[in-house]
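# Examining the three-dimensional arrangement
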Amino acid sequence: MERERRTIAVWLCVWGLLASGTAGEQAQAQRPMSLQAEELPVEEQPGIVPDPDEERLPAAYQRQLVFFRTAEPPGTIIVSTSERFLYLVQGNNRALRYGIGVGRDGFQWSGLLRISRKSEWPDWIPPPEMIDRQPYLPRYMAGGPGNPLGARALYLGNTVYRIHGTNQPQTIGHAVSSGCFRLVNGDVMDLYDRVPVGTKVVVRQSPEL
Amino acid sequence: MPIDLPNPSLAALPSAAGRTRLSLPIRQPRARSRWSFRDRLLAWASLLLALASALVVASLAAAQTLTAVRERGALVCGVSHGLLGFSSVDDKGNWSGFDVDLCRAVAAAIFNDAGKVRFVPLDAAARFAALKSGDVDVLSRNSTWTMSRETTFGLVFAAVTYYDGQGFLVRKALNVESALELDGKSFCLQTGTTGELNVADYFRANNMTYSAVELASLDEILTAYDGGRCDVFATDVSQLHAERLKLAKPEEHVILPDVISKEPLGPVVRQGDDQWFTIVKWTHFAMVNAEELGVSSKTIERAMQSEKPEVKRLVGTAGNFGEQAGLASDWAARIVRLVGNYGEVFERNIGTKSPLGIPRGLNHLWTMGGIQYAPPIR
């Protein structure tokens, strides 16, 4: 039952991304050209388990405590898509900063959301669009190492947006074709343990021209 | 939003004064009170003459540097001999870095060519004299803005392009997240520097104690720290990031987010040339405003078509802000297109896209947790 509910939720998430087609396309048309141009052309690679060396990010994208003034209370997550950073506000002018990869859907929306659900090792159901592009993809993949959604997922409100892990650490710091906000598995597990359901998530986009 | 227009009375003054002066010899008054009238006329004439020449002199002085740069066909920019990320020259003589890019941006605004800069490497002792004597048009050489540097050298800092300050490098294994947790630790410090005083002040103010390992040079300090002779390496944060790269295992060390002193770095110009001062200052402000508005070297062509008033005023499709500063209307667009906005310049030279990987910190935009804040263009 639990597994089924989880599967349905993932379906909803994935389908949500597709069903929002019209609105999504409109939003995409407004999306800064630079982000489309800079998008890292990587396909999902289910089954690939990155080795620890690959999961070690360049210094700038490693999890670190940084100076960060904000009026948001400690515990708030601030996602800055143009910078490819996620900040967890600590108070005392500090934030814990994580390097992220931003998927196409991550650039669609800005504002305030709350974490509505947390999930360990989420299952993956590639959307039909992705199957068309990569017909050899499995139709379903149970959560675990090698799963493109990575080790943890944090669902945002009742939207399709989520913060998740990845089995492709090289995508951190880039705009990528699929997903929302991705962290390396070590980071998403760290973040998962620090934030409860109900946590405020502020998503900030580069201003529109 | 009010748009500032040039003051018509001020703008009209020089030419009006000139005309009056020219017409003077023709007017030969025939009135009885000839002498007195002539006296009055002379008084008026000399007053107008003085006023006109004062204005002419003032405007000449104000335009000196810009005119000289234009006539020379290149900006002369004083930089550091070599400072990782801030200014360095490759074996082909190409300069790059955060301080270098400020000068390239000024050249882009004037010439629409970021390459029209002659870089003059200056050591710390010679830098202010070189600017004062006119050897360079602008000094962009990681110089800290202090009161005495403006008052004793007759110079003026145009902006703060980088907020630096003293910070702390420690081993991750020490498991410390804040400078306030450094009580009782041993510090490697450079003898006779302000850094030494800053640490003493900070620890006294926070009722903490420390032991000092005092060494003469940065290299000795680095070796001592890496060898475990002290727990903490304290100097300016920008320098800590560069020094960390030289450690045996950089990833085992962390730079704390605390900054305990003020070292605001920025470009310097001579006092008395307000037009030039304004151009250098607004070059930095244009880059900060561009980042805030989402205008980058990658989005500049779309920004030229933007309908947003703030963007239009920045890129010059509305208003004549560039002309008022003695530049072209698209001055800021040239800067962003050829050099980039503030964030691009930061990340490319010293941030995430550079080996230094310095977090924006205080140098983030005011809207993003930092204190970089530019007055608006309007």
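In this numbering scheme, every chain counts its residues from 1 along its sequence in written order. Think of it this way: whatever chain is written first is A, whatever ligand is written first is 1, and the rest follow in order. Given that this is a predicted model, residues contribute local features only at a pLDDT of at least 70 and side-chain atom pairs are listed and counted only at 80 or more, while totals for whole chains, interfaces and linings are drawn from all residues.

### Section: the overall build of chain B
- Labels follow the DSSP assignment, with helices taken as runs of H or I lasting at least four residues and strands as runs of E lasting at least two, numbered in each case from the N terminus. Scanning chain B from terminus to terminus reveals 14 helices and 14 strands.
- With C-beta atoms placed from the backbone, the exposure class of a residue follows from how many other C-beta atoms lie within 10 Å of its own: 20 or more, buried; 12 or fewer, exposed; in between, partly exposed. In chain B, buried positions account for 43% of the 378 residues.
- Looking at chain B alone, contacts between residues at least 24 apart form 70% of all its contacts between residues at least 6 apart. By the convention adopted here, residues are in contact when the distance between their C-beta atoms, placed from the backbone, does not exceed 7 Å.

### A short note on the overall build of chain A
- Broken down by element type, chain A carries six helices and 11 strands.
- For chain A, buried positions account for 42% of its 209 residues.
- Partitioning the intrachain contacts of chain A with sequence separation of at least 6 by distance along the chain shows that 71% fall at a separation of at least 24.

### Considerations on the environment of A:Val42
All names here are of chain A.
- Relative to the assigned elements, Val-42 resides in the loop between α3 (33–38) and α4 (52–55).
- The partly exposed category is assigned to Val-42, around which 14 C-beta atoms lie within 10 Å.
- Setting aside residues no more than four positions away along its own chain, Val-42 makes contact with Gln-168, Thr-171 and Val-176.

### Here's the deal with the nonpolar core
- If you look at the biggest cluster of nonpolar residues, it comprises 135 residues, and the most contacted ones within it are B:Val106, B:Val232, B:Val295 and B:Ile335.
- Each domain's extent is set by a domain assignment, obtained either automatically or from a database. Among the domains, domain 2 (73–163 + 264–368) and domain 3 (166–261) of chain B are the pair contributing at least three residues each to this core.
- Those residues in contact with B:Val295 that sit more than four places away from it in its chain are A:Leu209, B:Ala290, B:Ile300, B:Ala303, B:Val311, B:Leu314, B:Val315, B:Val336 and B:Asn341. Only buried Ala, Val, Leu, Ile, Met, Phe, Trp, Tyr and Cys residues enter a nonpolar core, and they are joined through C-beta atoms within 7 Å.

### As for the interface of chain A and chain B
- Each partner contributes to the interface: chain A provides 19 residues, whereas chain B provides 24 residues.
- Within the residue set of the side of chain A that touches chain B, elements represented by two or more residues are α3, β1 (64–67) and β4 (94–99) of chain A.
- The dominant element in the side of chain A that touches chain B, judged by the number of residues it contributes, is β1(A), at four residues.
- Each residue receives one of three labels: charged for Asp, Glu, Lys and Arg, nonpolar for Ala, Val, Leu, Ile, Met, Phe, Trp, Tyr, Cys and Pro, and polar for the others, Gly being one of them. The class makeup of the residues in the side of chain A that touches chain B is 10 nonpolar, five polar and four charged.

### Overview of the domain arrangement of chain B
- Domain assignment breaks chain B into domain 1 (8–69), domain 2 (73–163 + 264–368) and domain 3 (166–261).
- The interface is formed by seven residues belonging to domain 1 of chain B together with 10 residues belonging to domain 2 of chain B.

### Things to note about the pairing of strand β7 (residues 152–156) of chain A
All names here are of chain A.
- The buried fraction of β7 is high, at five of five residues.
- The alternating pattern of β7 places Arg-152, Leu-154 and Leu-156 on one face and Ala-153 and Tyr-155 on the opposite face, and all of these are buried.
- By this definition, two strands are paired if DSSP reports at least two bridges between them. Pairing of strand β6 (residues 111–120) with β7 involves five bridges; the strand directions are antiparallel. Within β7, the position partnered with Lys-118 by the bridge is Leu-154.
- Two strands pair when backbone bridges link them, and β7 and strand β8 (residues 162–164) are joined in this way by three bridges, in the antiparallel orientation. When the bridges of β8 are listed, Leu-154 appears paired with Ile-163.
- Remark: five residues form the turn of the hairpin made by β7 and β8, two consecutive strands paired antiparallel; Gly-157 in that turn has positive phi of roughly 55°.

### With respect to the confidence of the model for chain B
Residue and element names in this part refer to chain B.
- pLDDT gives the predictor's per-residue confidence on a scale running from 0 to 100. Per-residue pLDDT for chain B averages 88, and the proportion of residues at 70 or more is 83%.
- For the stretch residues 1–32, pLDDT sits under 50, and the model shows 22 contacts to residues farther than four places along the chain or on other chains.
- In the model, residues 57–62 has pLDDT below 50 throughout and makes five contacts with residues more than four positions away in sequence or in other chains.
- For this predicted complex, the interface confidence comes out at an ipTM of 0.78, alongside a pTM of 0.81.

### Some remarks on helix α8 (residues 237–244) of chain B
Residues and elements named next belong to chain B.
- With respect to burial, α8 is a largely interior element, seven of its eight residues being buried.
- Turning to α8, its buried residues are Val-237, Ser-238, Gln-239, Leu-240, His-241, Glu-243 and Arg-244.
- Of the surrounding elements, those touching the buried residues of α8 are β7 (162–164), β8 (166–171), α7 (218–226), β11 (232–236) and β12 (253–255).

### Describing helix α14 (residues 342–349) of chain B
- Extensive coverage of α14(B) is indicated by the burial of six of its eight residues.
- In this fold, the buried residues of α14(B) make contact with α3 (98–111) and α9 (274–293) of chain B.

### Things to note about the sheet that holds strand β9 (residues 186–190) of chain B
Residue and element names in this part refer to chain B.
- Overall, mixed pairing links the five strands, which are arranged β10-β9-β11-β8-β12 in an open sheet. This sheet does not close on itself; its edge strands, each paired only once, are β10 (211–215) and β12. Taking the axes of each pair of neighbouring strands and ignoring which way they run, one obtains an average angle of 30° across the sheet.
- A fitted line through C-alpha atoms serves as each axis, taken over the contacting stretch for helices, and the angle formed by two N-to-C directions is quoted from 0 to 180°. Together, β8, β9 and β11 form the strand contacts of helix α6 (residues 194–205), whose direction differs from that of β9 by roughly 150°.
- On top of the sheet, α8 reaches β8, β11 and β12; it is set at about 125° to β11, its chief contact.

### A short note on the pairing of strand β1 (residues 75–79) of chain B
Residue and element names in this part refer to chain B.
- Burial within β1 is extensive, with four of its five residues counted as buried.
- Direction of pairing for β1 relative to strand β4 (residues 117–121): parallel, over a ladder of five bridges. Across the sheet, the residue bridging to Val-79 is Pro-121, located in β4.
- Of the pairings in the sheet, the one linking β1 to strand β5 (residues 138–139) comprises two bridges and is parallel in character. In the strand pairing of β5, Gly-78 is matched with Leu-139.

### Here's the deal with unusual backbone geometry
- Its identity is not glycine, yet A:Arg84 carries a phi of approximately 65°, on the positive side.
- Within the secondary structure layout, A:Arg84 lies in the loop between β2 (77–80) and β3 (85–91).
- Positive phi values are uncommon outside glycine, yet B:Asn175 reaches one of about 60°.

### Quick word on the sheet that holds β6(A)
Residues and elements named next belong to chain A.
- Judged by pairing direction, the sheet is mixed, and its 11 strands sit side by side in the order β1-β4-β3-β2-β11-β6-β7-β8-β10-β5-β9 without closing on themselves. Of all the strands in the sheet, the pair left with one neighbour each is β1 and β9 (175–176).
- Of the pairings in the sheet, the one linking β2 to strand β11 (residues 200–204) comprises four bridges and is parallel in character. Residue pairing in the sheet places Ile-77 in a bridge with Val-201 of β11.
- Lying on the sheet, helix α6 (residues 185–194) is in contact with β3, β4, β6, β7 and β8; it crosses β7 at an angle near 55°.

### Details of the environment of B:Glu243
Residue and element names in this part refer to chain B.
- Take Glu-243: it is sitting in helix α8.
- When the 22 C-beta atoms within 10 Å are taken as the criterion, Glu-243 is described as buried.
- Separated by 133 residues in sequence, Glu-243 and Pro-376 have C-alpha atoms that sit 37 Å apart.
- For Glu-243, the residues in contact, after removing those within four places along its chain, are Leu-218 and Leu-222.

### Considering the confidence of the model for chain A
All names here are of chain A.
- When the pLDDT values of chain A are averaged, the result is 83; 82% of them are 70 or greater.
- When mean pLDDT is compared element by element in chain A, α6 scores highest at 98, while helix α2 (residues 21–30) scores lowest at 37.
- Confidence drops under a pLDDT of 50 for residues 1–37, and excluding neighbours within four residues, the segment shows 34 contacts in the predicted structure.

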